[in-house]
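Summary of the model geometry
Listed below are the residues making up each chain.
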Amino acid sequence: MTVATVSPILHNIDSLVGFLKKGRRLESDHSDIGLTERTKRRKIETNLDVSEEARFADEEKSRSSGMRFGYLHRCLGLNDDEIDRLRNENTQNLLLNYKKLHLVLDLDHTLLNSTFLDNMSPDEEYLKTQTQYDHSLQHVHIVDTPSMRLMTKFRPYIRTFLMEASQMFELSIYTMGNRDYALEMAKLLDPAGNQIFGGRVISRSDSTETDRKGLDVLLARDSAVLILDDTKDVWTNINQDNVIVMPRYHFFKSSCQQYGISNSKPYSELKTDECDRYGGAYLANVLQLLRHIHTIFFNEVEIEGWDLIDRDVRLVLKILQKEVLKGCKIVFSHVFPSNVKADTQPLWKMAEQLGATCSTQVDPSVTHVVAADARTQKSCWAVKAGKFLVNPQWIHTANFMWQKQPEENFPCHYQH
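Cut-offs used in this document
- Residues numbered from 1 in each chain as written.
- Predicted model: local features only at pLDDT ≥ 70, side-chain atom pairs only at ≥ 80, totals over all residues.
- Heavy atoms only, no water.
- Helix = DSSP H or I, 4+ residues; strand = E, 2+ residues; numbered from the N terminus.
- Buried < 20%, exposed > 50% of the residue type's maximum accessible area, 1.4 Å probe, protein only.
- Contact = heavy atoms within 4.5 Å.
- 1 Å grid on protein atoms, 1.4 Å probe; cavity = no way out; pocket = protein on both sides within 12 Å on 5 of 7 lines; lining within 4 Å.
- Points joined across faces, edges and corners; volume = space filled by probe spheres on them.
- Nonpolar A, V, L, I, M, F, W, Y, C, P; charged D, E, K, R; others polar.
- Axes fitted to C-alpha atoms, helices over the stretch in contact; angles between N-to-C directions.
- Parallel < 35°, antiparallel > 145°, perpendicular 65-115°, else oblique.
- Left-handed = near helix turned anticlockwise from the far one by under 90°.
- Phe/Tyr/Trp six-rings, centres within 6.5 Å; stacked < 30°, edge-to-face > 60°.
- Lys NZ or Arg CZ within 6 Å of the ring centre and 35° of its normal.
- Pairing = 2+ DSSP bridges.
- Polar contact = N/O pair within 3.5 Å; in protein donor to acceptor, adjacent residues only side chain to side chain.
- Core = buried A, V, L, I, M, F, W, Y, C linked by side-chain atoms within 4.5 Å.

1. Some details on the overall build of the chain
- Across its full length, the chain carries 14 helices and 16 strands.
- Residues counted as buried form 52% of the 416 residues belonging to the chain.
- For the chain, long-range pairs separated by at least 24 residues make up 66% of all intrachain contacts whose partners lie at least 6 apart in sequence.

2. Considering the layout of surface pockets
- The space that makes up the largest pocket amounts to roughly 940 Å³.
- At the level of elements, β12 (243-245), α9 (267-270), α12 (346-353) and α14 (393-401) are the ones that each hand at least two residues to the lining of the largest pocket.
- The dominant element in the lining of the largest pocket, judged by the number of residues it contributes, is α14, at six residues.
- A per-class count over the lining of the largest pocket returns 16 nonpolar, nine polar and 10 charged.

3. Quick word on the packing of helix α10 (residues 282-298) against helix α11 (residues 313-324)
- Between α10 and α11, the least distance of the axes is 10 Å, while the angle of their chain directions is 120°. Viewed along their axes, α10 and α11 adopt a mutual orientation that is oblique. Helix-helix and strand crossings are classified by hand; for α10 and α11 the assignment is right-handed. Touching Leu-289, His-292, Ile-293, Ile-296 and Phe-297 of α10 are Val-313, Val-316, Leu-317 and Leu-320, all from α11.
- Taken together, the residues that form the contact of α10 with α11 break down as eight nonpolar, one polar and no charged.

4. Description of the packing of aromatic side chains
- One pass over the structure, following the stated rule, counts six aromatic pairs.
- When the centroid spacing of 6.4 Å and the interplanar angle of 40° are considered together, the rings of Tyr-249 and Phe-251 count as tilted.
- Chaining the aromatic ring pairs together yields one cluster made of Tyr-249, Phe-251 and Phe-252.
- Residue placement shows Lys-153 over the ring face of Phe-251; its charged tip is 5.3 Å from the ring centre.
- In this structure, Lys-404 packs its charged tip against the face of Phe-388, placed 5.9 Å from the ring centre.

5. A few points about the sheet that holds strand β8 (residues 148-154)
- Pairing within the open sheet is antiparallel, and its three strands lie in the order β6-β8-β7. Taken across any chain shown, the strands that pair with only one partner, and hence form the sheet edges, are β6 (112-116) and β7 (140-145). Direction aside, the axes of adjacent strands within the sheet are offset by 20° on average.
- Of the strand pairs in this sheet, β6 and β8 are connected by five bridges, and their pairing is antiparallel. Its bridge partner lying in β8, Ser-114 is registered against Thr-152.
- Packing of helix α7 (residues 179-189) onto the sheet brings it into contact with β6, β7 and β8, and relative to β8 it is tilted by some 40°.

6. So, the environment of Gln-405
- Mapping Gln-405 onto the fold places it in the segment after α14.
- With 81 residues separating them in the primary sequence, Gln-405 and Val-324 have C-alpha atoms 9.1 Å apart.
- For Gln-405, the side chain forms a polar contact with the main-chain oxygen of Gln-403, separated by 2.8 Å.

7. Details of the environment of Ile-196
- Here Ile-196 lies in the loop between α7 and β10 (201-202).
- By relative accessible area, Ile-196 is classed as buried at 17%.

8. Points about the environment of Thr-145
- For Thr-145, the location among the structural elements is in strand β7.
- Using a relative accessible area of 21% as the deciding quantity, one classes Thr-145 as partly exposed.
- Measuring from C-alpha to C-alpha, the distance between Thr-145 and Asp-180 comes to 9.9 Å, with 35 residues separating the pair along the chain.

9. A short note on the nonpolar core
- Membership of the largest hydrophobic core comes to 51 residues, with the highest contact counts inside it found for Phe-161 and Leu-189.
- Elements represented by at least two residues in this core include exactly β5 (101-105), β8, α6 (158-165), β9 (169-174), α7, β11 (225-229), α10 and α11.
- With 10 residues, α10 is the largest single contributor of residues to this core.
- Not counting residues within four places of it along the chain, the set of residues in contact with Leu-189 comprises Leu-107, Leu-111, Leu-112, Phe-154, Ile-158, Arg-159, Leu-162, Ile-173, Ile-196 and Phe-197.

Here it is as structure tokens:
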């Protein structure tokens, strides 16, 4: 199913222009207090010529309230009423007619990993001469243009992920990289041309806040949008509840160095690739989660009494998140600095978001002790009392995988 079939409103500029003008009363003049409306709508032909389209773009730019959607069409500006109308009607169309939500995808460290060709280590040079067809590392691409010379490695399972996710969601790219980079990556991910993303490629220059991402540049209601990103903090505060956080994908040595990872060789030098601790691909796990979210959102039994258009996918995320460590009571031992309040620490808050109850004191109701050292007093109590003793990664992995992890895979060791 193509994007044109699923989202006729936003598929191309002709249909977008027609859709905008269909619902707009164009102004007859300007006044000091704003724009007045015509009493009759202008008739617009479906196939606009270049000059008509240019005039319309200039008209939009002059009357825009400042919101820009340049990634959809150069110089396209919309006023607040048009933005709301487009969001509501596009969302309603997707939900009611196609049972689709919207999914915004980050690029770097989420779907792929890139490095400049000049930054590759000697042990990575083999990647320049071997194609994806003659070695086991699939989806390695060289981008050599006047503006960039880099190598990109797709995260394992990417093709299946995009194909199956596009059946449940309308997909967009949103990266803090520049537009040239974003478009090059979109071409690699969507080689058939706009079949997956339909031109919805958002880059840093499209953001309305410096160095922050926001859903205000998306023509969809926040309540029907999920975000897949390797960091939540890059998003505006009001959109962080939409984010599903992925573990960062580091394939190249330069990427590991950028984040201070130096205790082991990167996948590129080991000639291997990322997998979760069960031997599968992280994107496969996320796809399973997305299917579950989609099923719950569209299942009227799960959300009784809610009209489909009024449902909020963020509530579904919170419901599922609270189930991950439900029934667990956790005590932390020597995990946080001694001079800070434990309940203010990110790991404590993460455990509570996953449905666990956290405490500073041990008692018979405690189920888990999370410790960095097996020799602490609380660690010894856990062993003696028959409680689970795990290291902090047990919580982090549960957060990434959206399911409680086997405790035996996260032993707490003695620290020297």
